[in-house]
Structure formats: C-alpha cells, structure tokens
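# Summary of the model geometry
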Amino acid sequence: MVTKKIIPCLDTKDGKVVKGINFVDIEDIGSPPLMAEEYCAQGADEITLLDISATLENRQTRLKLVSEVAKKVSVPLAVGGGMRSADEMYEVLNAGADKVSVNTAAVKNPEMITEAAERFGKQCVIVAIDAKTTGGRWEVVTHGGTRSTGLDAVEWAKKMEDLGAGEILLTSVDADGVKNGYDIPMTRAVADAVTIPVTASGGCGKLEDFYEVFSQTNVSSALAASVFHYRQVTVKEVKDYLRDRGVQVK
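This text gives an overview of the structure that appears in the document. (Residues numbered from 1 in each chain as written. Predicted model: local features only at pLDDT ≥ 70, side-chain atom pairs only at ≥ 80, totals over all residues. Heavy atoms only, no water.)

The subject of this paragraph is the overall build of the protein chain. For the protein chain, the count of helices and strands is ten helices and twelve strands. What you see for the protein chain is a C-alpha radius of gyration of 16 Å, in line with the 18 Å of a compact globule of 250 residues. Along the longest, intermediate and shortest principal axes, the C-alpha atoms of the protein chain span 45 × 40 × 35 Å. Within the span of the protein chain, comprising 250 residues, buried residues form 57% of the whole. Restricting the contact set of the protein chain to residue pairs at least 6 apart, pairs at least 24 apart contribute 65%. The protein chain carries 29 positive and 36 negative side-chain charges, and their two centres are separated by 2 Å. (Helix = DSSP H or I, 4+ residues; strand = E, 2+ residues; numbered from the N terminus. Rg over C-alpha atoms; globule rule 2.2 N^0.38 Å. Buried < 20%, exposed > 50% of the residue type's maximum accessible area, 1.4 Å probe, protein only. Contact = heavy atoms within 4.5 Å. Lys, Arg positive; Asp, Glu negative; His and termini not counted. Charge placed at Lys NZ, Arg CZ, Asp CG, Glu CD.)

A word on the pattern of salt bridges. Counting across every chain of the model gives 16 salt bridges. In this structure, Lys-99 engages Glu-46 in a salt bridge whose closest nitrogen and oxygen atoms are separated by 2.9 Å. Remark: Glu-46 occurs in the loop between α1 (32-42) and β4 (47-51) and Lys-99 occurs in strand β6 (residues 99-102); sequence separation between them is 53 residues. By relative accessible area, Glu-46 is classed as buried at 2%. One salt bridge connects Glu-115 with Arg-119, and the closest N-O pair in it is separated by 3.4 Å. Residue Glu-115 and its partner Arg-119 are located together in helix α5 (residues 111-120), separated by four residues, close to a single helical turn. (Salt bridge = Lys/Arg side-chain N within 4 Å of Asp/Glu carboxyl O.)

Moving on to the packing of aromatic side chains. Scanning the model with the defined rule gives four aromatic pairs in all. With a centroid separation of 6.2 Å and 25 degrees between ring planes, the pair formed by Tyr-90 and Phe-120 is classed as stacked. One end of the pair, Tyr-90, is in helix α3 (residues 86-94); the other, Phe-120, is in helix α5, with 30 residues separating them in the sequence. Look at Tyr-90 and you get partly exposed, because its relative accessible area is 42%. Between the aromatic rings of Tyr-182 and Phe-210, the centroid separation amounts to 6.4 Å while the plane-to-plane angle is 70 degrees, which identifies the pairing as edge-to-face. Taken together, the positions of Tyr-182 in the loop between β10 (167-172) and α7 (184-193) and Phe-210 in helix α8 (residues 207-216) put the pair 28 residues apart, joining distant regions of the chain. Using a relative accessible area of 5% as the deciding quantity, one classes Tyr-182 as buried. Chaining the aromatic ring pairs together yields one cluster made of Tyr-39, Tyr-182, Phe-210 and Phe-228. In this structure, Arg-245 is placed above the aromatic ring of Tyr-241, and the distance from its NZ or CZ to the ring centre is 3.6 Å. (Phe/Tyr/Trp six-rings, centres within 6.5 Å; stacked < 30°, edge-to-face > 60°. Lys NZ or Arg CZ within 6 Å of the ring centre and 35° of its normal.)

The following block contains the structure:
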C-alpha cells in the first residue's frame, strides 16, 4: 500500500499567506515562514508555496520569500507561481525549493517540461492543473483561474506525463475554498489516467474529506489550506484520523 501524504498549502500574495474562495475574495492569513515552520512541527509531509499573483503580475516568484521559507522547513518544499522558463525554475530550486510547480507556462510552452525534467530530474517537476467544469467536461484554466484554454484536464495530464512531469497537482477551481470536499469525479479521472503521483487540491473542509479522497481515488497526496489555516484541524489530527481508518500515512 502506498503511503499517503498530507500537504499544507501556503498561497501567497504580496509576501503574505492568503486564502480565497474560487480563486477570488482574497484575505490575509499570516507569515509564510512561520506558518510553514508550524506545519512541519505538526507532521506535514511536504509544504507547497504558491505565489498566486505572480503570473497575473507578469513576474517571477519572490525568490527571497522562497529562501526564507526553505530555511524554516524540514520537509520537501514545492514552489509555484510565475515561472516562465527552465532557467527561472532553476532559480527557484537554487533559492531552496525541492520541487517546482508550473501551470500557465506549461500551457504556453509544453516543451519546457521536457527541458526541466532533463536538466533537474523529473522528481523536481510538478505540473499544476487548475480545472473547472465546462460543458460537461473539466477544462484547464490558467492565470489564476481567469483564462480558459480549451484543454481537457484528463488529456492534458496524460500529455504532461508523456513530456516528463514527475507529479500532477490537480486543483478544482469550482471546489476551491468552498470546503464541501474535493472534486472526487475529476480527481479520480485524472489519477486513473496517469501513472505519476497526483495531489488532490481544492475544497477540503473537514476530516472526512481527506478520507473520502484517499478511499475513492488513486491520489498519492491531499493538499489543503483553509482547514489548517483556520485551525479547524491539525496535520497530526488528520493523520491520526486516517490511520484509524486504515489509510497508511507517515
């Protein structure tokens, strides 16, 4: 049985952790380095740091912030937001990230994924897929969920695996911040379509949601933000809950 991972996510804007609903209605939550350190102490398996406004503002991820967070964590750090080339991905890795996550840039230049995988190793390359339900299918969106691409999320995930992606970070824009649970049908479809690890994201609001996504899909990890940021549960409580129900966690 594959050991499942629990990943707190720090969405940042202007150097602060923020949270919204459906990618909008953003509010400040706290300090990225301090929150990352706290989640590590709770037993997080990984930390994800996403600069959610970098692409919209046409800039690189804040490297200084990446470095500050990296110094506080004792687990792998995945960073996303604003990277437009393999060279910029390297800068983020050099700043302390263990993995880099790209979404918009992968849509604009899919070959970038192959270049990055060859240069850094596919274990460092995450393709983030933000998707929403459109006309009976799941469509990939970019630029913080503001732009449609016409791409089918399942087919896109398969293509990204073929080009060298080591992981998929799948976020349901429809479920994001709503706290009604992960989008199980979409998550199951993507996870079944690829052989690389898939992380479920968007919609977690309670302990049961973690169990549901692990028991009903083949994802390797569950990412959450609000449920941790607002102290509804701790990472340790999530792991204890899952372990009691037969889910293998670290």
